[in-house]
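Listed below, chain by chain, are the residues.
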Amino acid sequence: MDVRFQVGKQRFNFRSAGILIENGHVLLHKEISAPHWVLPGGGIEMGEPSEESIVREMKEELGYAVKAGHVPWIAENFFEYEGEAMHELGFYYILTSPVSHFQEGVFHGLEGERLIYQWLPIDRLENYELMPPFLTGALKDIPEATKHVLVQR
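The notes below deal with the structure included here. (Residues numbered from 1 in each chain as written. Predicted model: local features only at pLDDT ≥ 70, side-chain atom pairs only at ≥ 80, totals over all residues. Heavy atoms only, no water.)

**Considerations on the overall build of the chain**
Here is the rule: Numbering of helices and strands runs from the N terminus, with a helix taken as a DSSP run of H or I at least four residues long and a strand as a DSSP run of E at least two residues long. Taken over C-alpha atoms, the radius of gyration is set against a globule rule of 2.2 Å times the number of residues to the power 0.38. Burial classes follow relative accessibility: with a 1.4 Å probe on protein chains only, a residue under 20% of its type's maximum area counts as buried, one over 50% as exposed, and anything between as partly exposed. Contact criterion: two residues are considered in contact whenever any of their non-hydrogen atoms come within 4.5 Å of each other. Here the Shrake-Rupley method, with its probe set to 1.4 Å, supplies the accessible areas, and only the displayed protein chains count as covering residues. When charges are tallied, Lys and Arg are placed among the positive residues and Asp and Glu among the negative ones, while His and the ends of the chain are skipped. Where a charge sits is defined by one atom per residue type, namely NZ (Lys), CZ (Arg), CG (Asp) or CD (Glu).
Regarding its fold elements, the chain presents two helices and 11 strands. Sequence-ordered secondary structure for the chain, helices as α and strands as β, is β-β-β-β-β-α-β-β-β-β-β-α-β. Radius of gyration (C-alpha) of the chain: 15 Å, near the 15 Å computed for a compact globule of 153 residues. Counting only C-alpha atoms and orienting by the principal axes, one finds that the chain spans roughly 45 × 35 × 35 Å. Burial status across the chain gives 48% buried among its 153 residues. Expressed as a percentage of contacts within the chain between residues at least 6 apart in sequence, the contacts between residues at least 24 apart total 65%. A total accessible area of about 8,100 Å² is found for the chain, and carbon and sulfur atoms account for 53% of it. Positive and negative side-chain charges of the chain, numbering 13 and 23 respectively, have mean locations separated by a distance of 2 Å.

**Observations regarding the pattern of salt bridges**
Stated formally: By definition, a salt bridge exists where a carboxyl oxygen of Asp or Glu is found within 4 Å of a side-chain nitrogen of Lys or Arg.
As enumerated under the stated definition, the model contains eight salt bridges in all. In this structure, glutamate 57 engages arginine 56 in a salt bridge whose closest nitrogen and oxygen atoms are separated by 3.2 Å. By relative accessible area, glutamate 57 is classed as buried at 7%. Here lysine 140 ties to glutamate 126 by a salt bridge, and the two come within 2.4 Å at their closest N and O atoms. Placement of lysine 140 in the loop between helix H2 (135–138) and strand S11 (147–152) and of glutamate 126 in the loop between strand S10 (112–121) and H2 is noted, with a sequence separation of 14 residues between them. Exposure remark for lysine 140: the relative accessible area of 42% places this residue in the partly exposed category. Salt bridges sharing partners connect three or more residues here, namely Glu45, Glu48, Arg56, Glu57 and Glu60.

**Observations regarding the pairing of strand S1 (residues 4–7)**
Definition in use: The criterion for strand pairing is that DSSP finds at least two bridges linking the strands in question.
In this sheet, strand S2 (residues 10–19) lies alongside S1 in antiparallel orientation, the contact comprising four bridges. Of the residues in S2, the one forming a bridge with valine 7 is glutamine 10. Taking the residues between adjacent antiparallel strands as the criterion, S1 and S2 are bridged by two residues, where glycine 8 takes a positive phi near 60 degrees.

**Comments concerning the pairing of S10**
Counting buried residues along S10, seven of its 10 residues qualify, which places the element largely inside the surrounding structure. Relative to S10, strand S4 (residues 25–31) runs antiparallel, the two being bridged by seven bridges. Looking across to S10, one finds that leucine 28 is bridged to glutamine 118. In terms of strand pairing, strand S9 (residues 107–109) meets S10 through two bridges, oriented antiparallel. Residue pairing in the sheet places glycine 109 in a bridge with glycine 112 of S10. Following S9, the chain reverses through two residues before pairing antiparallel with S10.

Here you go:
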């Protein structure tokens, strides 16, 4: 069971996300009806280390065998989603894979057509709406040391 819960009118989400970069592009996904893109990942299950969570999510969602490495960002993200106040704590991992997964255009994962995936060019991310917004610039200069990011909208 994912670590997600509601307290009053605010919802908490504990998330692990992956940064997979190939050929100057980063892998992102979005819900088919949503305007914004996010890094792939998902909820961290109770008792599950965040590093194992992103490896599991990539396998479940795309069939990709990845290794989680450095964590450039731990982000506290406060936002509104579908009319609900959200408080998200996210761990962002650099991912590596023994094989290339890069492909042109939009594609779907193993879980059906609810999500679309696309490799977007890092040097043109400002042309897309990324969430959380700090990623638009941050993915162009990934820090070597872990940084805490606070996003309040």
